[in-house]
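Coordinate inspection notes
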Amino acid sequence: PALVDWRVFARTDRHYLRTFEQETHMECHLFLDSSASMGFASPGADWPTKLDYASFAAACLSWLVLRGHDRVSLHLFDAEVRAFLPPGSTRKHLHEVLTALEKNRPGGKTDLPEALRRARPMLKRKGTLVVISDFLAPPEEIFSALNPYIHAGFRIQLFHILDPGELDLPDRGLARFEDMETRSQLILHTSNVREAYRQAMVDHLATLRRLATTRRVGYTVARTDQSYFVLLDALSA
């Protein structure tokens, strides 16, 4: 009864329900991993870094959300939330989002679970949570940090961005490998570690997919040498 617009009823003798703008607009919360590892692209590659690829996708998503008259927020994070633009739906807000994405650069170490925990109090209303990352963290810790969002009723979509060289380690003979976040180095013969690396990556992706399925969370792997429209298709499914 409290939602019946009695003034309209008095004029028309018909019942109408009142709606409010904040109830009719959805919110999409974009979380973009901006850690050092996201700056990676295979040596000599003619495709973008993971961060550039993810930023293009985030820009497209932002435009589509605002085109649908919904609201979008942006969170740039590494070990913590480095920048936060609260939900908005205006052209000015879109310009601010695109500017933040354009100026964004790879940062320090990544800690996706901690960034998710710190960001939860910032989101006042449930909506769609989109996490764009290379997910270099234990899957169980990631989903532990996602649980509060799941229990609050957020729709969650994970976009796993990977360079082709991370999926299938190229045979480069004796090579030097450097951790982009800690700068520690190893010299290895790739033929000695390729199979173990491949299996570790397969297991990591399989665990993420299994946990996402059991919690009804969307999970999509995207390669930086392929079109990012696969991400847009996954979100609209």
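Here's a quick rundown of the structure. Predicted model only: the values in this text are computed from it and were never measured. (Residues numbered from 1 in each chain as written. Predicted model: local features only at pLDDT ≥ 70, side-chain atom pairs only at ≥ 80, totals over all residues. Heavy atoms only, no water.)

Moving on to the sheet that holds strand 1 (residues 27–33). What the 6 strands build is an open sheet, ordered 3-2-1-4-5-8; its pairing is mixed. Of all the strands in the sheet, just strand 3 (81–88) and strand 8 (218–223) have a single pairing partner and so form its edges. Strand-to-strand, the axes of this sheet are offset by a mean angle of 15°, without reference to chain direction. Pairing geometry for strand 4 (residues 128–133) and strand 5 (residues 155–162), over 6 bridges, is parallel. Paired with Thr128 across the bridge in strand 5 is Arg155. Packing against the sheet, helix 4 (residues 91–103) makes contact with strand 1, strand 2 (71–77) and strand 3, and its axis sits at approximately 160° to strand 3. (Pairing = 2+ DSSP bridges. Helix = DSSP H or I, 4+ residues; strand = E, 2+ residues; numbered from the N terminus. Axes fitted to C-alpha atoms, helices over the stretch in contact; angles between N-to-C directions. Contact = heavy atoms within 4.5 Å.)

What follows covers the pairing of strand 1. The element strand 1 is extensively covered by neighbouring structure, given that 7 of its 7 residues are classed as buried. On strand 1, burial covers both faces: Glu27, His29, Phe31 and Asp33 on one face and Cys28, Leu30 and Leu32 on the other are all buried. Sheet topology places strand 1 next to strand 2; 7 bridges connect them, and they run parallel. The partner of Asp33 across the bridge, within strand 2, is Phe77. Traced from strand 1 through helix 3 (residues 50–67) to strand 2, the parallel crossover comes out right-handed. The sheet contact formed by strand 1 and strand 4 spans 5 bridges and is parallel. Counted as the bridge partner of Phe31 is Val131 from strand 4. (Buried < 20%, exposed > 50% of the residue type's maximum accessible area, 1.4 Å probe, protein only. Right-handed = clockwise from strand over helix to strand, strands pointing away.)

This part is about helix 3. Here helix 3 is 18 residues long and its end C-alpha atoms lie 26 Å apart, about the 26 Å a rise of 1.5 Å per residue gives. Looking at helix 3, one finds that the buried residues are Lys50, Leu51, Tyr53, Ala54, Ser55, Ala57, Ala58, Ala59, Leu61, Ser62, Val65 and Leu66. The first or second residue beyond helix 3 is His69, which carries a positive phi of 65°. (Expected span 1.5 Å × (residues − 1).)

Another aspect to go through is the packing of helix 5 (residues 112–119) against helix 6 (residues 139–151). Remark: helix 5 packs on helix 6, axes separated minimally by 8 Å, with the N-to-C direction vectors making an angle of 15°. Classified by the angle between their axes, helix 5 and helix 6 sit roughly parallel to one another. Where helix 5 crosses over helix 6, the handedness of that crossing is left-handed. Residues Leu112, Pro113, Leu116, Arg117 and Ala119 of helix 5 form the contact with helix 6, whose participating residues are Glu141, Ile142, Ala145, Leu146 and Tyr149. Partitioning the contact of helix 5 with helix 6 into residue classes produces 8 nonpolar, no polar and 2 charged. (Parallel < 35°, antiparallel > 145°, perpendicular 65-115°, else oblique. Left-handed = near helix turned anticlockwise from the far one by under 90°. Nonpolar A, V, L, I, M, F, W, Y, C, P; charged D, E, K, R; others polar.)

A complete count under the given rule lists 5 aromatic pairs for this structure. Ring centres of Tyr149 and Phe154 lie 5.4 Å apart, and the angle between their planes is 75°; on these two criteria the pair is classed as edge-to-face. Take Phe154: its relative accessible area is 8%, and that puts it in the buried class. Each member of the aromatic cluster is reached from another via a ring pair, and the members are Tyr53, Phe56, Tyr228 and Phe229. The ring of Tyr149 has Arg120 sitting right over it, with the charged end atom 5.5 Å from the ring centre. (Phe/Tyr/Trp six-rings, centres within 6.5 Å; stacked < 30°, edge-to-face > 60°. Lys NZ or Arg CZ within 6 Å of the ring centre and 35° of its normal.)

Relative to the helices and strands, Asp70 is located in the loop between helix 3 and strand 2. With a relative accessible area of 23%, Asp70 lands in the partly exposed category. Taking the C-alpha atoms as reference, Asp70 lies 8.0 Å from Gly88; in sequence the two are 18 residues apart. From its side chain, Asp70 meets the backbone nitrogen of Met26 in a polar contact 3.2 Å long. (Polar contact = N/O pair within 3.5 Å; in protein donor to acceptor, adjacent residues only side chain to side chain.)

It is worth stressing that arrangement in space is one thing and function is another; only the former is reported here.
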